[in-house]
Amino acid sequence: MTASAAPLLSGPATGEVHLAARSADMVTGIMLADIAVVILAGLVLGRLFRALRQPAVIGEITAGIALGPSVLGQFPGDLSQRLFPSDIRPLLNGISQVALVLFMFVVGWEFEKRLVRPHAGLAASVSLSSIAVAFGLGVALAPVLYPHHSTVAGHHISFATFAVFLGTAMSVTAFPVLARILNDNRLLDTRVGSLALASAAVDDVLAWCLLAYVSAMVTADGDYAVLVRTAGFGLLFTAGMLLVVRPVLSALVWRWAAAERWGPLLMVLVSGTLASAWLTSWIGVHAIFGAFLFGFVTPREPAVLLSVNVRKPLDDMSLVLLPVFFVVTGLNVDFAALTAGDVSAMLLIIAVACAGKLLGAIAPARLAGLGWREAKDLGLLMNTRGLTELVILNAAMTLGVLDTRMFTMMVVMALVTTAMAAPLLSGRDALRATTPKEPTAVRS
C-alpha cells in the first residue's frame, strides 16, 4: 500500500511499515472514528430526507452508499478505502451484525395479534396474495438474471437457490418503515392504514420463514440429507421457543417487572437474542431468524412498563448502531461495476417488484369491497421494502448467493419502491376511511 492510499485516520505516520505495525489501539481508534463519521452522516441525510417527506431510513441508507465506492470511492485517492481500510471493515461488520440482530429482536417483538385481529381475514388474503404474486414473478424473472449471476466469488450457485431467493426478496414488505410512512401521512387510524399494518405484520413473518428456507438450501448445497436435517433442527428450535422459552420468559418478565428489575431483564433479553441468533447459525439457518423468533415469543405485557424500560433502551441502541449496518451495506454497493445490460436488468427488477406487490395487494382489496383509491394506496404501502429488504440482501451476501452487481441492483430496487410510496399516497381527507374498531399503536 502506498502512502497516498493510507487510511485518513491512521495518524501522522503513513506508509506500508506503519500500517503493518499498526497497534491494536490505533485499529480501535480508527474504528471509533469511522463509527462517529457514519452516525453523523446518517443523522444529516436522515434529517434531509425527512424534510423531503421521506422516511429517515432512506437518508441513512443513502449515507451508507455515499460513503462507499459508488460516491466517495470515485474521488481521487479512493477516499472510501482510506476512510474504511480493509483491516477495519471486519470490525465494522461485526458491530453491524450486533445491530442487525437486536433490530430483528425488536421486529419480532413488535408483531402483535391485536394489529391483525380486526382485519384477520382480509389481512391474511392481502398478505398471502401479495407474497404469492411477488414471489411468482421473482421466480419467473430468475431465468433472465441467473446466467449473468450464477457464480459468486468463484462458487457456483444453483438455479433453485437463486430463484427462491429472488422470489423471497420480491415478497418483502418493511413493517417498521411502513409504520413511519403511515404516521407521517396521518393514516395510522384509517382503514387502509390499519389493514396495511396487519398485512405487513403477516408478510414479515412469512418472509422470514422463506429466508430461513433459503438459508437451509444454501447450507445443504444440494445435499437433501443436510437440508432435511437442517429443517428438522429448525422445527425443533421453533417448537422449543414456543413451548418452553415463551412460558419461561412470561414468568420471568412478570416477576422482574413487579420488582422493577429492569437492568437484569434487559440483559437477559439481549443475551437471549444473541444466543438464539448463534443457535440458528449453528443449525444452518441465518442468525436473524433466531433473533426474530426470540423477539416473537417475548411477552408484550405489562406493555407500558416494558415500552419505557426495555423497548426504549433497545430502540436507542439501534438508533446508534444501525447506521453502521447501513455503511457496511453501502460498502458492498458499487454503481461503477454495473454494465449497460445491468442498468436494463435493474429497471426490469424494479418493474417486476412493483407489479408483484401492487397486483397482489390490489386484487384482494378490490374483491373485499375497497374502492380503487384505497386499494391503490394499500398496494403502494405493501410495496415499501426499506430496511427489511436490506436485511434480506445482506443475508444473501453473507450466504454467498449474490454478487456485487446483483446486490447493487437489488439495493436500488429497495430504495425506489420505498421512496415512491409517500408521494403517491392519497391524502387522509381524500380517503374518507372509517376508523378501526381497535386502536393501533406502533413504534415509529
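The preceding data block contains the structure.
Summary of the structure given here. (Residues numbered from 1 in each chain as written. Predicted model: local features only at pLDDT ≥ 70, side-chain atom pairs only at ≥ 80, totals over all residues. Heavy atoms only, no water.)

Let's talk about the packing of aromatic side chains
Here's step 1: Here the structure, examined in full by the defined rule, presents seven aromatic pairs.
Here's step 2: Summarising the aromatic geometry, the rings of Phe105 and Trp109 are spaced 5.5 Å apart at their centres and angled 40° between planes, so their arrangement reads as tilted. Placement of the pair is Phe105 and Trp109 together in helix H5 (residues 89-110), with a separation of four residues, close to one helical turn. Side by side, Phe105 and Trp109 carry an identical accessibility label, which is buried.
Here's step 3: Directly above the aromatic system of Phe296 lies the positively charged group of Arg300, at a separation of 5.8 Å from the ring centroid.
Here's step 4: Above the face of the Trp109 ring, Arg311 is positioned so that its terminal group lies 4.7 Å from the ring centre. (Phe/Tyr/Trp six-rings, centres within 6.5 Å; stacked < 30°, edge-to-face > 60°. Helix = DSSP H or I, 4+ residues; strand = E, 2+ residues; numbered from the N terminus. Buried < 20%, exposed > 50% of the residue type's maximum accessible area, 1.4 Å probe, protein only. Lys NZ or Arg CZ within 6 Å of the ring centre and 35° of its normal.)

Regarding the packing of helix H11 (residues 224-258) against helix H13 (residues 287-297)
Here's step 1: Remark: H11 packs on H13, axes separated minimally by 9 Å, with the N-to-C direction vectors making an angle of 40°. In terms of orientation, H11 and H13 fall into the oblique class. With respect to the hand of their crossing, H11 and H13 are arranged in right-handed fashion. Packed against H11, whose contacting residues are Phe237, Thr238, Met241, Leu242, Val245, Arg246 and Leu249, the element H13 presents Phe289, Gly290, Leu293, Phe294, Phe296 and Val297 at the interface.
Here's step 2: Its residues assigned to classes, the contact of H11 with H13 comprises 10 nonpolar, two polar and one charged. (Axes fitted to C-alpha atoms, helices over the stretch in contact; angles between N-to-C directions. Parallel < 35°, antiparallel > 145°, perpendicular 65-115°, else oblique. Left-handed = near helix turned anticlockwise from the far one by under 90°. Contact = heavy atoms within 4.5 Å. Nonpolar A, V, L, I, M, F, W, Y, C, P; charged D, E, K, R; others polar.)

Brief notes about the environment of Lys376
Here's step 1: Here Lys376 shows up in helix H16 (residues 372-382).
Here's step 2: With 15 residues separating them in the primary sequence, Lys376 and Ala361 have C-alpha atoms 8.3 Å apart.
Here's step 3: In contact with Lys376, not counting residues within four places along its chain, are Ile362, Leu424, Leu425 and Ser426.

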